[in-house]
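This is what each chain is made of:
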Amino acid sequence: MRKKLNIGLFGFGCVGSGLYEVLERTPGFNARIGKICVKQEGKNRALAPERFTYNMWDILDDPDINVVVELIDDADSAYEIVTAALKRGKPVVSANKKMIAAHLPELLTLQKRHNVPLLYEAACCASIPVIRNLEEYYDNDLLNSIEGIINGSTNFILTRTAEQGIGYDEALRLAQERGFAESDPSLDVSGRDAANKLAILALHAFGTIIHPDEIFTVGIDRLGELEFRYAAEKGCKIRLIARASRNAEGGIICLVAPEFVRPGEWLYGVNDEFNGVITRNTFSDTQFFVGKGAGAFPTASAVLSDLSALTYDYRYEYKKAGAGRLGYVQQEIYLDVFCRHPRNAQGVAECFTEVKEQYAFAEAGFTTGSLSLSRLRELGELPGTSIVLFGINDAGKTISGVVKKELQEA
Ligand SMILES: NC(=O)c1ccc[n+]([C@@H]2O[C@H](COP(=O)([O-])OP(=O)(O)OC[C@H]3O[C@@H](n4cnc5c(N)ncnc54)[C@H](OP(=O)(O)O)[C@@H]3O)[C@@H](O)[C@H]2O)c1
């Protein structure tokens, strides 16, 4: 029989209040929210004051609360809350990708030591059920890569600025108003939020534990008019893409960066706060998931799904993280790149192995061509540069490319 859930809820912002409403509108679901812990006393709330507490121990030490749902915007406090709950044997649902990605080894250990689950489907791509699919459906060695648009705010900003002509600041303000952006939006636009999610996805896809700081990450915060004009002239869109793929040596390559997306590609039609995730597999070939990647109800729906999973004692088994897991490699992959730079920038051309185009205008110029990942790091550090990828080139030898060749030869 399914358990009745007595929820202790942390956070009553965009997602927390969204969850409250989702539960109200799902009467058949056997769960009630007991106490709600928030931060600021005296703030106007939609519920009666007696529903709230400002003391986390009111929830954590309450023996009647049998599930903790952590939906706050402070990663350090979230870690304190989640670890305290797990140590008390209380199952936890969280949406806090920053906290989870930064503490994967400790969180795995605590779940094992205290034999208690931590679920976090909402932390990656909100409404798209990607983590449980990676855990259960792709429970074998046939998954070669996972890539996609995994940050709703930046996708919203890119859609609105480039394709609808709204200014960057206005698009960011709209994303914040609609509850898509992080409380600290620099996490979104710098690409770090996508890197946090990619670290979590890499664990469930390949068993690889990577700290998000290790992932080569370029945000959308340096993109300018020239890049958007170049994209429009080529009939492309610019999207922030995160990718984790096996390489030929059996390791994992991860990166997050803006990329040109061409018409006809799966991600071309993924606009606004939608996310799109592509898996490439040896036998099933390519699969594509799309759905809302941010916002109160889409995110709360993933929390609800985790709560439902807890009623039948579901937990992540992290099967791929055991013996034989794939290690993280910063191997020399090669990429095709567009780089905008100051007109007479020094050192740009030297970073490229092969230059394809080079143009100079009144103040700025751009260079396109191929270069290695380590040279791309150097390029990104040169003052006034902005980078957009065309993609990994053939010299990159991702395993999907290698596998395809082997299959063709067979
Ligand atoms: N928004 C989305 O679309 C989305 C999507 C996926 C995942 N997430 C994740 O979901 C989490 C919540 O995001 P959100 O958009 O709902 O944030 P939010 O609207 O800013 O709300 C944050 C809530 O956390 C509470 N809070 C902050 N520090 C606290 C503490 N130490 N103790 C107790 N409560 C505390 C705040 O209390 P006060 O009300 O008193 O200020 C507020 O109610 C974040 O981890 C975010 O990354 C959000």
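Coordinates for the structure precede this section.
Sequence order sets the numbering: in each chain, residues are counted from 1 along the sequence as written. With pLDDT at 70 or above as the cut-off, local features in this predicted model cover only qualifying residues; side-chain atom pairs require 80 or more to be listed or tallied, and sums for whole chains, interfaces and linings still use all residues. As a convention, hydrogens and water are excluded, and side-chain values are obtained from all of the structure's heavy atoms.

**With respect to the site of the ligand**
Part 1: Near the ligand lie 26 residues; those nearest to it are Val15, Gln40, Arg45, Glu182 and Gly295.
Part 2: Here a polar contact is taken to be a pair of N or O atoms separated by no more than 3.5 Å, where protein atoms must pair a possible hydrogen donor with a possible acceptor and residues adjacent in sequence count only if both atoms sit in side chains. Here an oxygen atom of the ligand and a backbone polar atom of Gly13 are 3.2 Å apart.
Part 3: With respect to the ligand, the side chain of Asp73 contributes an N or O atom lying 3.4 Å from an oxygen atom.
Part 4: Under the convention used here, a 1.4 Å probe and the Shrake-Rupley method define accessible areas, while residue burial counts only the protein chains that appear. Here the ligand loses 89% of its free accessible area of 910 Å² to cover by the protein chains.
Part 5: Nonpolar residues are Ala, Val, Leu, Ile, Met, Phe, Trp, Tyr, Cys and Pro. Charged residues are Asp, Glu, Lys and Arg, and all others, Gly as well, are polar. Split by residue class, the shell around the ligand holds 10 nonpolar, 9 polar and 7 charged. Whether a residue is near a molecule or strand depends on its heavy atoms: it is near if one of them lies within 4 Å of it.

**Some points on the packing of aromatic side chains**
Part 1: Here the aromatic set is Phe, Tyr and Trp, taking the six-membered ring for Trp, and pairing holds for ring centres within 6.5 Å; pairs whose planes are under 30 degrees apart are stacked, those over 60 apart are edge-to-face, and all others are tilted. Using the criterion set out here, one finds 17 aromatic pairs in the structure.
Part 2: Geometrically, the ring pair formed by Tyr120 and Tyr316 is edge-to-face, given 4.9 Å between the ring centres and 65 degrees between the ring planes. Residue Tyr120 is located in the loop between β6 (118–119) and α6 (131–136), and its partner Tyr316 is located in the loop between α12 (296–311) and β13 (334–342); the two are separated by 196 residues in the primary sequence. The pair formed by Tyr120 and Tyr316 is uniform in burial state, with each residue classed as buried.
Part 3: Note on Tyr230 and Phe366: the rings are 5.2 Å apart at their centroids and 70 degrees apart in plane angle, and the pair reads as edge-to-face. In this pair, Tyr230 sits in helix α11 (residues 225–233) while Phe366 sits in strand β15 (residues 364–372), placing the two residues 136 residues apart along the sequence.
Part 4: Using a 1.4 Å probe on the protein chains alone, a residue whose accessible area is under 20% of its type maximum counts as buried, one over 50% counts as exposed, and one in between counts as partly exposed. Taking the relative accessible area as the measure of exposure, Phe366 reaches 5% and is therefore buried.
Part 5: Pairwise contacts between aromatic rings join Tyr230, Phe260, Phe338, Tyr359, Phe361, Phe366 and Phe390 into one cluster.
Part 6: For a Lys NZ or an Arg CZ to count as sitting over a ring, it must be within 6 Å of the ring centre and within 35 degrees of the ring normal. Across the ring face of Tyr314, the terminal group of Arg132 is positioned such that the distance to the ring centre comes to 5.4 Å. Strands here mean DSSP runs of E at least two residues long; helices mean DSSP runs of H or I at least four residues long; both are numbered from the N terminus.

**Focus: the pattern of salt bridges**
Part 1: The term salt bridge refers to a pairing of a side-chain nitrogen on Lys or Arg with a carboxyl oxygen on Asp or Glu at a separation within 4 Å. Inspection of every chain in the model, using the stated rule, returns 22 salt bridges.
Part 2: The shortest N-O distance in the salt bridge between Glu147 and Arg280 comes to 2.9 Å. Linking Glu147 in strand β7 (residues 143–149) with Arg280 in strand β11 (residues 274–281), this pair joins segments that are 133 residues apart in sequence.
Part 3: The salt bridge involving Lys356 is made with Asp336; its shortest N-O contact spans 3.5 Å. On the criterion of sequence distance, the pair formed by Lys356 in strand β14 (residues 354–360) and Asp336 in strand β13 is long-range, its members being 20 residues apart.

**Focus on the environment of Asn30**
Part 1: Mapped onto the elements, Asn30 comes out in the loop between α1 (14–24) and β2 (31–37).
Part 2: Looking at Asn30, the relative accessible area reads 43%, which means it is partly exposed.
Part 3: Once the C-alpha coordinates of Asn30 and Leu5 are considered, the two residues, 25 residues apart in sequence, prove to be 6.5 Å apart.
Part 4: The residues touching Asn30, leaving out its near neighbours within four places in the chain, are Lys3, Lys4 and Leu5. Any two residues whose heavy atoms approach within 4.5 Å at even a single point are treated as in contact.

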